[in-house]
Amino acid sequence: MPRGSCHRHGPKQPCTCAMGNLYRFIEPVVLFLLRKKGGSYGYELAKDLQAHALTDATIEKGALYRTLRALEENGYVVSNWETAGAGPARRHYRLTPSGIRHLDEWAEVLDNLAQAMKQFVGEIGVHNRHA
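These lines cover the structure that appears in this document, whether it is placed above or below.

**Considering the overall build of the protein**
Piece 1. The number of helices and strands found in the protein is four helices and three strands.
Piece 2. Within the protein, the fraction of its 131 residues that count as buried is 29%.
Piece 3. Once local pairs closer than 6 in sequence are excluded, the contacts in the protein between residues at least 24 apart make up 51%.

**Topic: the side chain of Glu27**
Piece 1. The residue Glu27 is located in helix H1 (residues 26-37) in this model.
Piece 2. Setting aside chain neighbours within four positions, we find Glu27 in contact with Thr67, Leu71, His102 and Trp106.

**Some words on a negative patch on the surface**
Piece 1. On the surface, Asp104, Glu105, Glu108 and Asp111 cluster together into a negatively charged patch.
Piece 2. When you line up the elements, Asp111 lands in helix H4 (residues 97-124).

**Examining the nonpolar core**
Piece 1. Judged by nonpolar contacts, the single largest core of 18 residues is most densely connected at Val30, Leu31, Leu34, Leu49, Leu68 and Val77.
Piece 2. It is H1 that provides the largest number of residues to this core, a total of six residues.
Piece 3. Not counting residues within four places of it along the chain, the set of residues in contact with Val77 comprises Leu31, Leu34, Leu71, Glu72, Tyr93, Arg94, Leu95 and Thr96.

**Quick word on H4**
Piece 1. Compared with an ideal rise of 1.5 Å per residue, which puts 28 residues at 40 Å, H4 spans 41 Å between its outermost C-alpha atoms and is within 8% of the ideal.
Piece 2. Buried within H4 we find Gly99, His102, Leu103 and Trp106.

**Side note on helix H2 (residues 42-49)**
Piece 1. Along H2, the residues classified as buried are Gly42, Leu45 and Leu49. The arc that holds the buried residues of H2, viewed along the axis, is 55°, so those residues lie on one side. The exposed set on the far side of H2, more than 90 degrees from its buried face, consists of Tyr43 and Lys47.
Piece 2. Buried residues in H2 make contact with H1, strand S1 (40-41), helix H3 (61-73) and strand S3 (90-95).

**Quick notes on the sheet that holds S1**
Piece 1. The antiparallel open sheet is built from three strands, whose spatial order is S1-S3-S2. Two strands lie at the open edges of the sheet, namely S1 and strand S2 (77-82), each paired on one side alone.
Piece 2. Note: S2 against S3, six bridges, orientation antiparallel. From the neighbouring strand, Val77 faces S3, where its bridge partner is Leu95.
Piece 3. The strands touched by H1 are S1, S2 and S3; relative to S3, the strand with the most contacts, the crossing angle is about 90°.

Procedures and definitions
Residues numbered from 1 in each chain as written. Predicted model: local features only at pLDDT ≥ 70, side-chain atom pairs only at ≥ 80, totals over all residues. Heavy atoms only, no water. Helix = DSSP H or I, 4+ residues; strand = E, 2+ residues; numbered from the N terminus. Buried < 20%, exposed > 50% of the residue type's maximum accessible area, 1.4 Å probe, protein only. Contact = heavy atoms within 4.5 Å. Patch = residues over 30% accessible without salt bridge, like charges linked within 9 Å, V, L, I, M, F, W, Y side chains within 5 Å. Areas by Shrake-Rupley, 256 points an atom, 1.4 Å probe, with all protein chains shown as cover. Salt bridge = Lys/Arg side-chain N within 4 Å of Asp/Glu carboxyl O. Lys, Arg positive; Asp, Glu negative; His and termini not counted. Charge placed at Lys NZ, Arg CZ, Asp CG, Glu CD. Core = buried A, V, L, I, M, F, W, Y, C linked by side-chain atoms within 4.5 Å. Expected span 1.5 Å × (residues − 1). Arc of directions from axis to C-beta. Pairing = 2+ DSSP bridges. Axes fitted to C-alpha atoms, helices over the stretch in contact; angles between N-to-C directions.

Quick look at the structure:
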C-alpha cells in the first residue's frame, strides 16, 4: 500500500499498516498459487497474487518476478518459454518436488508465526483498548 494511502488511517496520514515491503511473504503465496494451478504464467500469477497477499501491502510486479527468479535459482521452480500460438513468447512456471517441500516448510513457519502473532495481539489487548 503506498505511503499516505490507508483505508484505516485515511489519506495523507502516516501509516505503517503494511509494515513495509515484506517481499519474503510473496514467496509462499507464489508457491501456493503454482501448486494450486499446476503451473502458471507470470501475468496470471500477478493477477491472483494480491487476492492471496499476507499483508496489506500492494505487491509490485517487479517483486513477483524477482521472487520467481530466486525460486528458480534455488531449484523450487522451473520455467520454460512457450512460443506456440499467436502473440509473444510467454514464460510458464511450475513447481518442482523441492518447491512442494519448500511450500510445506513455509506452511509450518507461517503457522508458528500466526500462533505467535495471535498471542502477541492478545497480550496487547487490541480489542479492549477502545474501552
